[in-house]
Amino acid sequence: MLEPEIAAHPLDLEKIRLDFPILKRTVHGKRLVYLDNAATTQKPQQVIDAISDYYSNYNSNIHRSVHLLAEEATEAFENTRLKVQNFINAQSTDEIVFTKNATEALNVAARCTTSSLKPGDKIVVTEMDHHSNFVPWQQIAKEKRAQLEIVFTTEDYEIDESDLESKLDGAKIFAFTHMSNVLGTINNARKFTRIAHEKGALVVLDGAQSAPHIPVNVQDIGCDYFALSAHKMLGPTGVGCLYGKRDLLLKAPPFLLGGDMIREVHRDRTTWNDLPWKFEAGTSNIADVIAFAAALDYLTRLGMKNLQIHEQEICKAVLAELSKIEDLEIYGPKDPERRGAVFAFNLGGIHAHDIASILDAEGIAIRSGHHCAQILMEKLGVPATSRASFYLYNGYDDVDALSKGLHKVREVLN
Amino acid sequence: MLEPEIAAHPLDLEKIRLDFPILKRTVHGKRLVYLDNAATTQKPQQVIDAISDYYSNYNSNIHRSVHLLAEEATEAFENTRLKVQNFINAQSTDEIVFTKNATEALNVAARCTTSSLKPGDKIVVTEMDHHSNFVPWQQIAKEKRAQLEIVFTTEDYEIDESDLESKLDGAKIFAFTHMSNVLGTINNARKFTRIAHEKGALVVLDGAQSAPHIPVNVQDIGCDYFALSAHKMLGPTGVGCLYGKRDLLLKAPPFLLGGDMIREVHRDRTTWNDLPWKFEAGTSNIADVIAFAAALDYLTRLGMKNLQIHEQEICKAVLAELSKIEDLEIYGPKDPERRGAVFAFNLGGIHAHDIASILDAEGIAIRSGHHCAQILMEKLGVPATSRASFYLYNGYDDVDALSKGLHKVREVLN
Amino acid sequence: MSSDMYKEIILDYYKNPRNKGTLESPQSVARDSNPLCGDVVEMQLNFSDGKVSEIKFNGDGCAISQASASMLTEVVMGKTIEEVRKIDKNVLLENLGSPNLGAVRIKCALLPLKVMKTALYQYLGESITREESNSLS
Amino acid sequence: MSSDMYKEIILDYYKNPRNKGTLESPQSVARDSNPLCGDVVEMQLNFSDGKVSEIKFNGDGCAISQASASMLTEVVMGKTIEEVRKIDKNVLLENLGSPNLGAVRIKCALLPLKVMKTALYQYLGESITREESNSLS
Ligand SMILES: Cc1ncc(COP(=O)(O)O)c(C=O)c1O
Ligand SMILES: Cc1ncc(COP(=O)(O)O)c(C=O)c1O
């Protein structure tokens with residue numbers, strides 16, 4: 001993120017909320033308190049309008065056509081690529097590949113980095129990785145008879161650095177999450193990338209939770225691949241991005257095959273298109289890629305640094321409020337500077353689904369379950385947790401609502 | 001398609017056009033005459049509204065959550081699956097997998113059908129297949145040292161049946177297009193499927209061009225897999241579907257790996273979710289899948305049979321008009337009953353791009369190039385063609401405009 | 001609303017589970033889990049004279065699944081095999097006070113019934129039909 | 001608009017191509033294609049006294065690419081190597097009458113310049129920089 005050098009200023013929540021039409025709705029007669037942002041965020045009117053505008057005014061297939069609609073659509077589509085490049089500070093638009101979500105981006109990264117993997121080679125992941133950054137590596141390891149190592153999480157819910165150091169010895173790939181979608185832990189991506197590179201491993205960083213919440217600078221971090229999902233950062237569903245260093249993407253085999261990603265097709269052979277299109281087979285999700293630009297504009301206008309400060313304030317409030325509730329255990333770092341505003345917790349012996357259902361009756365949307373992190377659940381020794389996650393439109397009133405809601409849960413089930 | 005048993009009735013074009021906001025726009029000061037429907041179709045207000053409605057009122061991640069928004073979104077999402085099932089007459093919703101486009105669907109089908117392919121096994125495709133139904137097979141054949149056979153096209157622009165019969169001997173897979181996106185040829189999918197099955201081959205049918213234009217009944221055809229793209233049938237970009245017979249999908253390995261497609265993740269192994277979710281990794285394109293239902297409703301309300309009759313009338317008019325233009329050669333069957341309303345042509349020695357650019361100046365959007373069918377271009381002996389493709393909102397006025405436009409091309413360049 | 005979902009009946013069985021535990025040597029045992037939320041339910045049954053003579057449940061999970069399991073053991077106890085066969089989704093939900101569960105949580109309520117039916121068919125040497133299994137998950 | 005794109009200059013070179021053909025033993029030859037539309041352009045050059053002394057183009061493609069190639073041969077003919085180096089996108093488009101080409105068709109116009117530059121650098125034992133190549137495609 002190239003952040004303008006201005007003094008941080010607080011978010012104007014009242015104004016922001018007006019941009020999100022869904023926040024006007026009620027749930028079971030109560031004001032909607034949306035705390036399921038780690039799953040997907042709500043969308044501002046600007047993003048919704050960008051989609052309608054595209055379909056109403058210049059919908060067309062892109063790249064290969066010379067008519068005016070196609071030119072307008074192509075320009076808008078490629079313009080989003082430039083915005084993503086700037087948002088994460090990649091070196092070139094060649095390095096930005098559109099996928100359908102972060103999961104596909106991670107699958108592509110896994111294929112890119114493992115095409116010449118040999119039996120016995122080592123792939124390292126962590127206990128706090130999302131299934132989307134775990135299962136692809138586990139299965140490729142199986143397929144190629146490589147070795148999968150899983151770095152431990154400490155009691156403070158951080159990556160265990162000494163375990164990391166030792167497991168990275170001789171590793172070919174290190175895939176890890178920038179920010180945990182359960183613990184909230186923000187990993188020191190720059191430092192871990194440096195260590196991995198020193199040991200000769202490629203680094204795949206899962207930014208699905210970091211890109212929406214903190215400034216990201218892939219060149220500064222130094223990672224080789226970085227994945228994000230638009231729908232977790234105000235954008236539409238159906239769009240993800242894979243960043244990959246240009247020279248690596250150039251050498252990597254394509255993933256999906258078909259229209260648009262080819263240069264020349266012959267009966268006996270095919271050559272691939274230039275970057276980044278080599279990785280974009282078939283008709284892209286044109287409307288939603290275009291609308292994603294409106295989401296990036298929205299975030300950039302607020303300023304990722306301001307957003308981060310806002311969320312740290314929310315963190316403090318949540319940690320303070322929840323610590324007052326008896327028998328409530330939060331799984332995650334206590335320091336607001338080292339974590340995002342996503343809180344996994346359990347409340348006494350009450351099942352996470354019961355908590356979520358009773359909160360829902362109060363208009364509060366949280367998530368319950370394993371959060372696509374069963375390895376971590378196993379480590380924490382719980383079958384499931386509740387999870388409340390905040391974003392830029394959430395304020396202290398939402399923290400209050402959560403706290404009151406949890407007291408209500410107690411009342412009903414104790 | 002379970003078509004209601006009513007008498008065919010003509011489309012009310014005036015009323016239909018009011019549903020498509022883009023048709024109100026002008027291009028270079030002229031009325032937009034949109035004839036690039038084989039690339040992507042325009043969207044009715046109903047589809048655009050379904051997207052806005054979702055984001056404004058019940059946007060949420062789906063499946064794994066208990067709050068009300070998630071329930072509403074999940075129900076709407078799964079409701080589209082049911083509509084797709086009915087639209088192509090599949091046996092169960094288990095057989096409908098959402099992908100990002102037809103290309104991804106065909107890549108998944110290619111992985112599903114080839115997981116146990118042996119060196120020397122035969123895969124058969126045709127000369128008229130789109131790159132998306134050609135390159136995946138070509139590359140898998142390479143990877144597995146299988147044999148790729150390409151069935152010839154006759155002088156009448158049909159699949160060469162005697163060549164087909166002989167190439168299918170001993171084949172394991174036959175992948176072919178239901179309707180050519182260049183020639184317009186509608187292949188006899190039912191008959192070819194029967195032949196392939198008799199020879200013991202699995203059948204993958206590319207329905208990207210047929211599903212939008214003719215009634216499709218996968219059980220009647222008998223094909224094993226069928227692919228379509230929502231954006232070519234009034235739906236949003238970013239949604240495709242793969243139909244696969246239940247018992248085949250059950251046995252097939254998953255494709256993308258990650259969240260949602262798993263049942264249980266352990267350190268050393270993972271088990272897969274039930275059908276169809278086993279093939280849907282990560283957050284789906286929720287909004288657009290939901291909006292695709294509005295497109296299917298629109299088509300169903302008009303009636304696919306009525307739409308087909310309308311396009312046959314358009315076909316007759318186009319064939320009559322274009323035959324009046326000197327030196328104009330159409331690549332495709334002459335019989336309107338055996339073809340769709342997509343016309344690839346060349347005009348004397350004039351380059352396809354020049355034709356497209358001059359028509360664009362007249363407000364007419366057509367496509368020029370190889371149409372992702374380089375094998376076919378090679379066969380036709382042309383580097384490129386122009387292509388005009390019609391849909392339900394196109395009428396005789398558009399045929400006239402095309403014809404006048406082509407005379408104008410002559411004028412400018414001769 | 002919570003009041004709609006956490007009916008008195010459910011809260012009562014949840015807070016004071018009846019028939020929780022294990023039988024000494026059950027004639028039939030079945031166990032299943034709901035992968036979405038990790039609910040686990042086990043049912044143990046004994047039969048005599050064509051009737052359910054003993055039944056216990058065990059498990060781990062949310063209030064809905066555990067209350068449903070406990071309530072179901074009471075409903076089933078003493079019934080003939082033919083009567084037990086007829087217990088379906090509607091009977092179960094009525095007995096739970098017709099809570100407004102929604103599409104996700106209803107699976108929690110139905111899991112015990114699926115497990116109990118599985119145990120019954122196992123005893124009879126039959127197996128659950130795909131239709132019935134689908135109606136309960 | 002067609003009139004905006006198919007300027008008189010372009011139509012003139014398209015209909016009456018100058019310098020189309022091949023040289024007998026050219027000192028430098030380059031050839032490239034535009035994969036999107038199949039335009040193909042070849043340039044053959046001879047130099048003497050540090051100037052372009054002979055040039056021919058050959059190819060297949062749309063009116064824009066072929067007119068641009070023909071026009072370019074006339075512009076380049078007789079110029080010094082330093083002068084030819086300086087011919088960029090803007091110079092080319094101006095010479096074509098500044099047609100309104102749009103993002104796709106402009107590639108057709110630029111292809112001949114890229115090919116000519118490639119031939120020039122080849123003769124000089126240099127190669128085209130990534131920046132210049134990008135600016136021409
Ligand atoms: C850390 C992390 N990685 C990856 C993903 C996968 O994102 P998506 O579902 O958009 O593919 C998620 C979101 O669920 C996530 O939180
Ligand atoms: C016959 C055919 N198959 C496959 C495709 C690929 O569809 P998509 O680009 O939506 O993946 C197309 C459209 O371009 C097509 O016309």
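Keep in mind it's a predicted model, so treat the numbers as computed, not measured.

Draft legend 1. Expanded view of the relation of the copies chain B and chain A. You can overlay chain B on chain A at an RMSD of 0.0 Å; the transform is a turn of 180 degrees with a shift of 0.0 Å along its axis. As the rotation angle and translation indicate, the two copies are arranged about a two-fold axis.

Draft legend 2. Structural context of the interface of chain D and chain A. Opposite the eight residues of chain D that make contact, chain A presents eight residues. Summing the contributions of chain D and of chain A, the shared interface buries around 650 Å²; its carbon and sulfur component is 54%. On the surface where chain D and chain A come into contact, there are zero salt bridges. Take the side of chain D that touches chain A: its biggest share by element is four residues, from helix α6 (residues 102–124) of chain D.

Draft legend 3. Region of interest: the domain arrangement of chain A. All names here are of chain A. By the assigned domains, chain A splits into domain 1 (13–37 + 303–413) and domain 2 (49–301). Computed from C-alpha atoms alone, the centre-to-centre distance between domain 1 and domain 2 is 28 Å. In total, domain 1 and domain 2 occlude about 2700 Å² of area from one another, counting both sides; carbon and sulfur atoms represent 60% of this. Summed over the shared surface of domain 1 and domain 2, the result is two salt bridges. A salt bridge links Glu127 to Lys379; its shortest N-O distance comes to 3.0 Å. For the side of domain 1 that touches domain 2, the leading source of residues is helix α13 (residues 374–380), giving six residues. Taken together, the residues of the side of domain 1 that touches domain 2 sort by class into 21 nonpolar, seven polar and eight charged.

Draft legend 4. Structural context of the arrangement of the chains. The chain pair with the greatest number of contacts, out of five pairs of chains in contact, is formed by chains A and B. With no contact between them, chain C and chain D keep their nearest C-alpha atoms 48 Å apart.

Draft legend 5. Structural detail: the confidence of the model for chain A. Mean pLDDT over chain A works out to 96, with 98% of the residues at or above the 70 mark. Counting contacts from residues 1–5 of chain A, a segment whose pLDDT is below 50, to residues more than four positions away or on other chains yields 14 contacts.

Draft legend 6. Region of interest: the pattern of salt bridges. Counted under the stated rule, the structure contains 78 salt bridges over all chains. With its nearest N and O atoms 3.4 Å apart, the salt bridge here joins Glu362 of chain A to Lys408 of chain A. You can see Glu362 of chain A sitting in the loop between α12 (352–361) and β15 (364–365) and its partner Lys408 of chain A sitting in helix α14 (residues 396–413), a full 46 residues away along the chain. For Lys408 of chain A, a relative accessible area of 27% corresponds to the partly exposed category. Here Arg85 of chain D ties to Glu82 of chain D by a salt bridge, and the two come within 3.2 Å at their closest N and O atoms. Separated by three residues within a single helix, Arg85 of chain D and Glu82 of chain D lie in helix α4 (residues 81–85), roughly one turn from each other.

Criteria and thresholds
- Residues numbered from 1 in each chain as written.
- Chains lettered and ligands numbered in written order.
- Predicted model: local features only at pLDDT ≥ 70, side-chain atom pairs only at ≥ 80, totals over all residues.
- Heavy atoms only, no water.
- Least-squares fit on C-alpha atoms with pLDDT ≥ 70 in both.
- Contact = heavy atoms within 4.5 Å.
- Buried area = accessible area lost by both parts, 1.4 Å probe.
- Salt bridge = Lys/Arg side-chain N within 4 Å of Asp/Glu carboxyl O.
- Helix = DSSP H or I, 4+ residues; strand = E, 2+ residues; numbered from the N terminus.
- Domains from an automatic or database assignment.
- Nonpolar A, V, L, I, M, F, W, Y, C, P; charged D, E, K, R; others polar.
- pLDDT = per-residue confidence, 0-100.
- Buried < 20%, exposed > 50% of the residue type's maximum accessible area, 1.4 Å probe, protein only.

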